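Topology and contacts: notes
Here are the chains, one letter per residue:
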Amino acid sequence: AETKLVRCIRGALWDVILDLRPASPTFGQWFGAELSAENRRMMYVPKGFAHGLMTLTEDAEAFYLVDEFYSPEYERGVRWNDPRFGIRWPAEPVVISDKDRGHPDFDPAFHLPAVVPALDA
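A few points on the structure. Owing to the predicted nature of the structure, the values given are computational and were not obtained by experimental measurement.

Some details on the sheet that holds strand 4 (residues 42-45)
Paired through their backbone hydrogen bonds, the strands of a sheet run either parallel or antiparallel. What the 3 strands build is an open sheet, ordered 4-1-6; its pairing is antiparallel. Both outer strands of the open sheet, strand 4 and strand 6 (61-66), are each paired with one neighbouring strand and no more. The mean angle between the axes of side-by-side strands here comes to 20°, regardless of whether they run parallel or antiparallel. Judged from the 6 bridges that link them, strand 1 (residues 4-10) and strand 6 form a sheet pairing that is antiparallel. From the neighbouring strand, Leu5 faces strand 6, where its bridge partner is Leu65.

This is how it looks when you write it as structure tokens:
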């Protein structure tokens, strides 16, 4: 439930977005691109999209902006290799956090919760 803008400021990353907006004609589709300090590309992550990245270099460093405060009670995650989406990564991850490793297979009842209330309400 947040918009992000991501840029790699050192090294290189593989950055992926996944459309999880139920009414979207591109629901379930993903897009990936290499972001690097050299190519200066940025990734725009709209609300309703899952977002993940993989470092491609030992010295990778990312900088990103978000438009909402972190609310862990609304956080959901899609596992990097969930067969529902078939995301193609440039390599198999070597290190995955326990949190990211433990995400369940995609289930709309879990992954697509009701609308998140506004923080200023």
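Here the narrative resumes, following the displayed structure.
Concerning the sheet that holds strand 5 (residues 49-55)
Strand order in the open sheet formed by 3 strands is 3-2-5, with antiparallel pairing between adjacent strands. In this open sheet, the two edge strands, each paired with only one partner strand, are strand 3 (30-36) and strand 5. Across the sheet, the mean angle separating the axes of adjacent strands is 20° when strand polarity is ignored. Direction of pairing for strand 2 (residues 12-19) relative to strand 5: antiparallel, over a ladder of 7 bridges. In the sheet register, Leu18 faces strand 5, and the bridge partner there is Ala50.

Rules of the game
- Residues numbered from 1 in each chain as written.
- Predicted model: local features only at pLDDT ≥ 70, side-chain atom pairs only at ≥ 80, totals over all residues.
- Heavy atoms only, no water.
- Pairing = 2+ DSSP bridges.
- Helix = DSSP H or I, 4+ residues; strand = E, 2+ residues; numbered from the N terminus.
- Axes fitted to C-alpha atoms, helices over the stretch in contact; angles between N-to-C directions.

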